[in-house]
Amino acid sequence: QVQLVESGGGLVQAGGSLRLSCARSGRTFSRYNMGWFRQAPGKEREFVAAISWSGGNTDYADSVKGRFTISRDNAKNTVYLQMNSLKPEDTAVYYCAADSENRWQRRSVSSGYEYWGQGTQVTVSS
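For the structure given in this document, a descriptive report is provided here. None of the values given here were measured: they were computed from a predicted structure.

**Topic: the overall build of the chain**
The helix and strand tally for the chain stands at zero helices and eleven strands. Along the chain, helices and strands appear, N-terminal first, in the series β-β-β-β-β-β-β-β-β-β-β. A globule of 126 residues ought to have a C-alpha radius of gyration of about 14 Å, and the chain, at 13 Å, matches this closely. The principal-axis extent of the C-alpha atoms belonging to the chain is close to 40 × 25 × 25 Å. By residue count, 44% of the 126 residues in the chain fall in the buried class. Relative to all contacts within the chain whose residues are 6 or more apart in sequence, the contacts with residues 24 or more apart total 59%. Just so you have it, the chain exposes about 6,200 Å², and 43% of that area is on carbon and sulfur atoms.

**Details of the state of the cysteines**
If you walk through the whole model with that rule in mind, you get one disulfide. What pairs with Cys22 in a disulfide is Cys96, and their sulfur atoms sit 2.0 Å apart. Here Cys22 and Cys96 share a disulfide; its torsion about the S-S bond, 50 degrees, makes the bridge right-handed. With Cys22 in strand E3 (residues 18–26) and Cys96 in strand E9 (residues 92–99), this residue pair connects regions lying 74 residues apart in the sequence. A single burial state applies to Cys22 and to Cys96, both of which are buried.

**A short note on the sheet that holds strand E8 (residues 78–83)**
Paired through backbone hydrogen bonds, the strands of a sheet run either parallel or antiparallel to each other. The four strands lie next to each other as E1-E3-E8-E7, forming an open sheet whose pairing is antiparallel. On the outer flanks of this sheet lie strand E1 (2–7) and strand E7 (68–73), each paired with one strand and no other. Between one strand axis and the next, the sheet turns through 15 degrees on average, direction left out of account. Here E1 runs beside E3; their pairing, made up of six bridges, is antiparallel.

**Describing the packing of aromatic side chains**
Inspection of every chain in the model, using the stated rule, returns five aromatic pairs. Measuring from centroid to centroid gives 5.7 Å for Phe37 and Phe47, while their planes differ by 70 degrees, and the two rings are edge-to-face. With Phe37 in strand E4 (residues 33–39) and Phe47 in strand E5 (residues 46–51), this pair connects stretches of sequence that are ten residues apart. Classification of Phe47 as buried rests on a relative accessible area of 12%. In textbook terms, an aromatic cluster arises when at least three aromatic residues are bridged by ring pairs, as seen for Phe37, Phe47, Tyr113 and Trp116. Taking the ring centre of Tyr95 as reference, the NZ or CZ of Arg45 above it sits at 4.0 Å. Over the face of the ring belonging to Trp116 we find Arg45, whose NZ or CZ atom lies 4.7 Å from the ring centre.

**Some words on the pairing of E7**
Only one face of E7 is covered, namely the face carrying Phe68, Ile70 and Arg72; the face carrying Thr69, Ser71 and Asp73 is uncovered. Note: E7 against E8, six bridges, orientation antiparallel. By the bridge assignment, Ile70 is partnered in E8 with Leu81.

Calculation rules
Residues numbered from 1 in each chain as written. Predicted model: local features only at pLDDT ≥ 70, side-chain atom pairs only at ≥ 80, totals over all residues. Heavy atoms only, no water. Helix = DSSP H or I, 4+ residues; strand = E, 2+ residues; numbered from the N terminus. Rg over C-alpha atoms; globule rule 2.2 N^0.38 Å. Buried < 20%, exposed > 50% of the residue type's maximum accessible area, 1.4 Å probe, protein only. Contact = heavy atoms within 4.5 Å. Areas by Shrake-Rupley, 256 points an atom, 1.4 Å probe, with all protein chains shown as cover. Disulfide = S-S within 2.5 Å. Pairing = 2+ DSSP bridges. Axes fitted to C-alpha atoms, helices over the stretch in contact; angles between N-to-C directions. Phe/Tyr/Trp six-rings, centres within 6.5 Å; stacked < 30°, edge-to-face > 60°. Lys NZ or Arg CZ within 6 Å of the ring centre and 35° of its normal.

Structure representation (structure tokens):
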């Protein structure tokens, strides 16, 4: 069983930064592709960013390109999401997810991941 725990959310003013962390416990982490998704009130969950198990490949939603950076530290079993130049429309609950089958072609869809964290709230004030 894999458990994911997000942290680092909070309230920030527009233009500010936050760094989210997702710590993994359970099975070996290093061979898992990882993703970040978010869900705003009244909206569907949407893809934010993904990173391959080696860290050699990353992908981002168009809405966050150039502002967010995903990274991972396999030695610490942790994946990060650095969020800069935050906007009010970034307000959402952010979830990390793990894919044990390395389905990179499904990195941007929720069904491409088996394990999910409980989410962390990010609120950006204008």
